[in-house]
Amino acid sequence: MDQIRSIISFGWPFIRRYRTRLYVGILLCVFYGAFNASFVWGTKTLFERLEPATERKIASPESDLPFGFKSNAFEKAITLLDQRVDTWLPKSGEPLNIQRIMGGLLFLPILVAIRGGIGYASAYFLGWAGENTVKDVRVAVHQKLQSLSFDFFHGKSVGDHTMLINRGTGSLQRCLTFGIADSIKEPFTIVSLVVALFLLDWQLALFGIVLVPLSAVPIVIVGRKLRRMAKITYSRGVEQDSLMMEAYTNIKNIKAYGLESFQIARFREIYGILATVGMKTLKARQAQNPIIEVMSMVGAGVIIIFVFQSGKAVPEFVGFLTGMIMLYQPIKKLGGVNQYYQEASVGVEMLRNVFDQVPSVQEQADAKQLAPIDGQLTFEGVEFSYTDEAVLRDFDLVLSKGMKIGVVGESGAGKSTLVSLLLRFYDPTKGRVTIDGVDIREVTFESLRGQMALVSQEVVIFDQTVAENISCGNLGASREEIVAAAKAANAHEFIEDLPEGYETRLGEQGTRLSGGQRQRIAIARAFVRQAPILILDEATAALDSKAESEVQGAIDRLEEGRTVVCVAHRLSTLRGMDKIIVLGEGRVVEEGGFAELLKRDGVFAEMARKQGLATS
Ligand code: ADP
């Protein structure tokens, strides 16, 4: 019950948009359930007609009903129905004419077809609501994930996200599409069959259904087990997805280090666990049905004894047995419904965890538009820590418009953190970052980040065309602007040589580019952005010296007229900087011009010496 409540409270804001279809679907499910009772009437009617006319009575007498219950309307309806079909069905003692043959042949198929039609329509409406709801949930998950700050993603694997979106919402989809349908159809089928059985013969009904409540026992026990298994499957599934990602994105290193069999062992272990859990789930699920079936047959056995003992008529007995056998079918299905809910509740729990996350870096409600930088960019007494220990301390920096600053320091000194604070991926724990005197926490993300172009070591090439890959720096860029950016980035020529020029598809599915070419696409992306502040984060660190010289020319051009923050490990790339700061343990330990720092013979000069740069 708690699980159903949790699924409904989570799903309702999404499904309410499609509630008309949902209600129609539910109503049809109710009809479907109720219509099942017609089979009890149908078989009883057919078998009654096998008996000689004198012994036949149309509909059961009122005195048969329990607790003095008189159902005149029901009696009338059944009598009317019996009369309607009377000339259409074969009858003992009457000749078989065409009408009766057709009726006899089609009687049960028509009943089944009506029920099937209602079932189809209900599945259609509920499916429509379910599919669209899940589509909205998926989009909402992406919106939420995209809105979350950097810290949320740190330490999370790609597997976590694919798992969440695929499996979490998949289980919800199954629950909305099939779970809701069955959880309405089946109880209504049970109720309508029980009512029909009682109307047919209340004493028989009492004997027959005495075991029905016991069927709930295996359903509840199995349900608990399934929920436990679903949780394990989810967490192991996350591991499996992450491992897959890790193994196939790093295939080069895996082969180079001969780690194939090590990876296979990891896969084998995880698949082994999944197979064990799969078997446990299967055993629980499969044991449930035989238990319920045996119970239904015990119920039938009780009836058989009672019928022989009380000398009941055959048609009633057959109608009754049909109803009894039909009754356990929906009970079995309810066991399956339980499974949909158990799995979906685990999925919903995971989705809820994400929806409950609050971005640690948020735009203020009254955030302003930041005007293009005109004066200074400053870090004022900035302190920042990811965990307990401060990564930046008492950090001050003033950068005037058009100034180029180089940032160096040992690995772990806080260089990338500086860039992250500038882009407001994180907020300082103390102090502030300002642009023209405005705290960057007071402005919109769009107006802040729109002023910045980032070129980093890891170039992301999307699985799109060259033109689209460049224009994602500025989504409204025209073709002329894209080509101009590519020319400025020394990329136009090699793009023209690609099979379909600017329309060549890149990325996973498309043409492979060299490291230098990829970086030049990234630089073209930065050009087309026309942002006044350029952030270079180890932009050439991954390139060989030939590629570096090709790219460096493009970077020099990109730096013209812009305010530049350049993080570099290779000090030679910083010769053109107006100022260089050397970070050490989160503080500026040295600053000055390139030549000046070399002359000072401090930390910078020592680093330069190690890189083979002349220091005198
Ligand atoms: P650099 O770019 O100079 O190599 P970073 O700014 O990446 O240095 O990191 C500075 C310090 O902060 C390092 O000690 C690093 O381990 C730590 N660090 C970086 N990112 C995180 C993070 N997301 N969570 C916790 N610690 C981090």
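Quick rundown of the sheet that holds strand S5 (residues 438–439)? Include the residues and the values.
Sheet strands line up and pair through hydrogen bonds in the backbone, either parallel or antiparallel. Judged by pairing direction, the sheet is antiparallel, and its 4 strands sit side by side in the order S2-S1-S4-S5 without closing on themselves. A single partner strand is all that each edge strand has here, and the edge strands are strand S2 (390–400) and S5. As defined by bridge partners, strand S1 (residues 376–385) adjoins strand S4 (residues 430–435) across 5 bridges and the pair is classed as antiparallel. From the neighbouring strand, Leu377 faces S4, where its bridge partner is Ile435.

A description of unusual backbone geometry should follow, citing residues and the corresponding values.
Phi at Asn490 takes a positive value of approximately 55°, unusual for a residue other than glycine. If you trace the backbone, Asn490 turns up in the loop between helix H16 (479–488) and helix H17 (492–497).

Tell me about the site of the ligand, and please be specific about residues and values.
If you check the shell around the ligand, you find His154, Tyr386, Val391, Glu410, Ser411, Gly412, Ala413, Gly414, Lys415, Ser416, Thr417 and Tyr426 and nothing else. Ala413 places a main-chain nitrogen or oxygen 3.1 Å from an oxygen atom of the ligand. Ser416 places a polar side-chain atom, nitrogen or oxygen, 2.8 Å from an oxygen atom of the ligand. It is helix H13 (residues 415–422) that provides the largest number of residues to the shell around the ligand, a total of 3 residues. Residues belonging to the shell around the ligand are distributed by class as follows: 4 nonpolar, 6 polar and 2 charged.

Just give me the short version of the confidence of the model for the chain, but keep the residues and values in it.
Across the chain, the average pLDDT comes to 84, with 94% of residues at or above 70. Predicted confidence is poor over residues 54–69, with pLDDT under 50, and the contacts of this stretch with residues over four places away or in other chains come to 32 contacts.

Run through the packing of aromatic side chains, naming residues and quoting values.
Applying the stated rule across the entire model yields 17 aromatic pairs. Each ring, one from Phe150 and one from Tyr426, has its centre 5.9 Å from the other, and the planes form 75°; the classification is edge-to-face. Placement of Phe150 in helix H6 (residues 150–153) and of Tyr426 in the loop between H13 and S4 is noted, with a sequence separation of 276 residues between them. What makes Phe150 partly exposed here is its relative accessible area of 41%.

Analysis parameters
- Residues numbered from 1 in each chain as written.
- Predicted model: local features only at pLDDT ≥ 70, side-chain atom pairs only at ≥ 80, totals over all residues.
- Heavy atoms only, no water.
- Pairing = 2+ DSSP bridges.
- Helix = DSSP H or I, 4+ residues; strand = E, 2+ residues; numbered from the N terminus.
- Near = heavy atom within 4 Å.
- Polar contact = N/O pair within 3.5 Å; in protein donor to acceptor, adjacent residues only side chain to side chain.
- Nonpolar A, V, L, I, M, F, W, Y, C, P; charged D, E, K, R; others polar.
- pLDDT = per-residue confidence, 0-100.
- Contact = heavy atoms within 4.5 Å.
- Phe/Tyr/Trp six-rings, centres within 6.5 Å; stacked < 30°, edge-to-face > 60°.
- Buried < 20%, exposed > 50% of the residue type's maximum accessible area, 1.4 Å probe, protein only.

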